[in-house]
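So you can see what is in the structure, the chains are spelled out below.
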Amino acid sequence: MGSITNAEELAKIDDDIEKQAMQNVEVEIVDYSKRAQWLRAAVLGANDGLLSTSSLMMGIGAVHQDAKSMILTGIAGLVAGACSMAIGEFVSVYSQYDIEVSQMKRENAMTEKKKKNLPRPLQAAVASAFAFAIGGIVPLLGAVFVKDYHVRLGVVVGAATLALLGFGGLGAYLGKAPLVKSSLRVLIGGWLAMGITFGLTKLVGVTGLYG
């Protein structure tokens, strides 16, 4: 009788150990697809802020060599871009919110749990504006203390390059994407944006089309 009891206890212990092991395995498995939405928004927002601000500063730097014009243009671009991102994200997420609420009402499935999982427009707007501002502040900090024109342009490009590599690498790491390929894709796209903006603005300035 005692041996049967011991066997049952051992079997119970084995079951508990097996369940615990399975729980540990489940905790270690990360669903990276769930990160996709917020990761994409954060990385794109920061990249947009960086590229928009850097390109605007490079564009104005193509026709004006003074630091004040370049920095004021960067600040204006950062503020305008952050506001645009916030409003766009708010409208987009609020539309999604309305659709999901309407669907729940039609199905009579408006539970407290589902309400908590609804999209948050204000939160999305603030997050987008913040991400844009984080990216946009990089070239501004790089240029604000540099007086020499050519050095300032180089600093803006250099700061943007490092930030582009950082954002690209971070996005690839968190999303488990190829690190080098993702970083280079972001970097080359950024160089193209800055180069095209600088070149076209310089061309307009040389031809005198802007006044």
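Everything numeric in this text was worked out from a predicted model, so none of it was measured.

A. Spotlight on helix α3 (residues 67-107). In a regular helix each residue adds 1.5 Å, so 41 residues correspond to 60 Å; α3 covers 60 Å between its end C-alpha atoms and thus fits that length. Within α3, burial applies to M70, I71, G74, G77, L78, G81, A82, A86, V93, V101 and M104.

B. Seen up close, the UniProt feature "transmembrane region" (unreviewed entry) in the chain. The UniProt entry lists residues 122-145, 151-174 and 186-210 under the feature "transmembrane region" (unreviewed entry), expressed in the numbering used here. The straight-line gap between the two end C-alpha atoms of residues 122-145 is 35 Å; of that span, 92% is helix and 0% is strand. Here residues 151-174 runs as 100% helix and 0% strand, with 34 Å between its end C-alpha atoms.

C. Region of interest: a nonpolar patch on the surface. A surface patch of nonpolar side chains, about 1,100 Å² in accessible area, is lined by Y173, L179, V180, L184, I188, W191, L192, I196, L200 and L203. Ranked by the residues each element gives to the nonpolar patch, the list is headed by helix α7 (residues 179-207), at nine residues. Its location among the elements puts L200 in helix α7. Overall, the relative accessible area of 52% leaves L200 in the exposed class.

D. Examining the environment of A80 more closely. Within the secondary structure, A80 is located in helix α3. It is 9.9 Å that separates the C-alpha atoms of A80 and A129, two residues lying 49 residues apart in sequence.

Procedures and definitions
- Residues numbered from 1 in each chain as written.
- Predicted model: local features only at pLDDT ≥ 70, side-chain atom pairs only at ≥ 80, totals over all residues.
- Heavy atoms only, no water.
- Helix = DSSP H or I, 4+ residues; strand = E, 2+ residues; numbered from the N terminus.
- Expected span 1.5 Å × (residues − 1).
- Buried < 20%, exposed > 50% of the residue type's maximum accessible area, 1.4 Å probe, protein only.
- UniProt positions renumbered as here; feature names shortened; annotations may be inferred.
- Patch = residues over 30% accessible without salt bridge, like charges linked within 9 Å, V, L, I, M, F, W, Y side chains within 5 Å.
- Areas by Shrake-Rupley, 256 points an atom, 1.4 Å probe, with all protein chains shown as cover.
- Salt bridge = Lys/Arg side-chain N within 4 Å of Asp/Glu carboxyl O.

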